[in-house]
Amino acid sequence: MIDRYLLRYFLAVIDHGNFSRAAEQCNVSQPTLSVGIAKLERMLGRPLFHRTNRRVELTPAGAHFAVHARRIEAEFNLAEAAVAGQRGRRTVRLGVLATISTALVAQFASVPGDADEQVELVEGRERDLLDRLARGRIDAALTILRPDNDRYAREALWQEGYGLALPASHRLAGEEVIAAEALADNVMIVRRHCEVLAETSHHFTTRGVRPFFAARTTNDDRALALVAAGMGVTVMPDRHAAPGVVRVPLAGFDHVRRIGLLFATHADPADLGRTATLAAVRRAAAA
């Protein structure tokens, strides 16, 4: 029989990415945790981690075992709460793509106070979220759905294009559509985490537009604030908005991103889909 503390050691290594931080989280020494992991591997007859100097990664057997370890630990927590006469609260760990509108995320950032669950939001870039899904560190990810990524169960929610974000005072703010050439003398702001950054650059340079970049930022809210302040213009997904910012389509720029949920292999998509958290995500997506 596998002791619960061994499951906790195992999950802590997954969640923290290395043995030293996992040991701190479990309030044990690193040698103690390492001995526990080695014991668990002997009991299962398979190595659970690839250990390198830089990081710790799950083996295929470890990834498979993580699915069951997550479920067992969740049931342990609910059972303890029931015995103590408390209402057990389920934690839904939701990864959120960093370039999704903050206003939209705020709509599902908390669940009703009487719900039997709580949400833990984990922000990251697309690759980061896929890594967390693979490690079992999140239950689902609200991210871009790629045709070539069929490893995870998915649920499509919405799609959106990309357009210009201009200061409300911009001379072209009233146009229905703007050609790249019309922005040849404009200052621009670079969104460094943009998924179509290379395509955006190509769109402008092939049309002879090589602007001065006044700012480069990984924060979309900051990019919007700089646009509103009149510092420059930028290209953003269509659902981004802010006071003082006007959104206008960019002529010939037809890139679209499809956003939805990817479910980790340890999660039951049907069960997770019934949670208040994902219901709130769907409402926000449809708004």
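Residues numbered from 1 in each chain as written. Predicted model: local features only at pLDDT ≥ 70, side-chain atom pairs only at ≥ 80, totals over all residues. Heavy atoms only, no water.

1. Description of the nonpolar core
Working step 1: One finds L94, I100, F108 and L142 to be the most contacted residues of the largest nonpolar core, which totals 32 residues.
Working step 2: Residue assignment for this core shows that the elements contributing at least two residues are β3 (90–97), α5 (102–106), β4 (117–124), α6 (126–135), β5 (140–144), β11 (256–263) and α10 (276–286).
Working step 3: Not counting residues up to four positions away in its chain, the partners in contact with F108 are L94, V96, V119, L121, L142, A280, V281 and A284.
Working step 4: The next biggest cluster of nonpolar side chains, apart from the first, holds 22 residues, and it includes F10, A12, F19 and L48. (Core = buried A, V, L, I, M, F, W, Y, C linked by side-chain atoms within 4.5 Å. Buried < 20%, exposed > 50% of the residue type's maximum accessible area, 1.4 Å probe, protein only. Helix = DSSP H or I, 4+ residues; strand = E, 2+ residues; numbered from the N terminus. Contact = heavy atoms within 4.5 Å.)

2. Let's talk about α10
Owing to its 3.6 residues per turn, the α-helix aligns residues three or four sequence positions apart on the same side.
Working step 1: The complete set of buried residues in α10 reads T277, L278, A280, V281, A284 and A285. Burial along α10 is one-sided: seen end-on, the buried residues are contained in an arc of 155°. Set apart from the buried face of α10 by more than 90 degrees, the exposed residues are R283 and A286. (Arc of directions from axis to C-beta.)

3. Some remarks on the packing of helix α2 (residues 19–26) against helix α3 (residues 30–44)
Working step 1: Packing of α2 against α3 brings their axes to within 8 Å, and their N-to-C directions diverge by 100°. Here α3 runs roughly perpendicular to α2, going by the angle between their axes. Residue-level inspection shows F19, S20, A22, A23 and C26 of α2 in contact with α3, the latter providing Q30, L33, S34 and I37.
Working step 2: Residue composition of the contact of α2 with α3, grouped by class: six nonpolar, three polar and no charged. (Axes fitted to C-alpha atoms, helices over the stretch in contact; angles between N-to-C directions. Parallel < 35°, antiparallel > 145°, perpendicular 65-115°, else oblique. Nonpolar A, V, L, I, M, F, W, Y, C, P; charged D, E, K, R; others polar.)

4. Here's the deal with the domain arrangement of the chain
The figure often quoted for interface size is the accessible area lost as the parts come together.
Working step 1: Taken domain by domain, the chain consists of domain 1 (1–86) and domain 2 (161–253).
Working step 2: Each of domain 1 and domain 2 has a C-alpha centre, and these two points are 46 Å apart. (Domains from an automatic or database assignment.)

5. Here we look at the environment of P60
Working step 1: Position of P60 among the secondary structure elements: in helix α4 (residues 60–83).
Working step 2: Judged by its relative accessible area of 70%, P60 falls in the exposed class.
Working step 3: For the pair P60 and R171, spaced 111 residues apart in sequence, the C-alpha to C-alpha distance is 57 Å.

6. Section: the side chain of N186
Working step 1: Mapped onto the fold, N186 is located in the loop between β6 (153–167) and β7 (187–191).
Working step 2: The class of N186 is buried, set by a relative accessible area of 10%.
Working step 3: Polar side-chain contacts of N186 include one of 2.6 Å to the side chain of H170.
Working step 4: Ignoring any residue separated from it by four or fewer positions in sequence, one finds N186 in contact with H170, R171, P211, F212 and V233. (Polar contact = N/O pair within 3.5 Å; in protein donor to acceptor, adjacent residues only side chain to side chain.)

7. With respect to the packing of aromatic side chains
Working step 1: With the rule as written, the count across this model stands at five aromatic pairs.
Working step 2: Between the aromatic rings of Y5 and Y9, the centroid separation amounts to 5.3 Å while the plane-to-plane angle is 75°, which identifies the pairing as edge-to-face. Remark: Y9 and Y5 occur in helix α1 (residues 4–16); sequence separation between them is four residues, near one turn of the helix.
Working step 3: Classification of Y9 as buried rests on a relative accessible area of 9%.
Working step 4: The interplanar angle of 50° and the centroid separation of 5.4 Å between the aromatic rings of F10 and F49 together place this pair among those described as tilted. Note that F10 is positioned in helix α1 and F49 in strand β1 (residues 49–51), a separation of 39 residues in sequence.
Working step 5: Using a relative accessible area of 5% as the deciding quantity, one classes F49 as buried.
Working step 6: Grouping aromatic residues by their ring pairs yields a cluster made of F10, F19, F49 and F65.
Working step 7: One cation-aromatic arrangement involves R239 over W158; the distance from NZ or CZ to the ring centre is 4.8 Å. (Phe/Tyr/Trp six-rings, centres within 6.5 Å; stacked < 30°, edge-to-face > 60°. Lys NZ or Arg CZ within 6 Å of the ring centre and 35° of its normal.)

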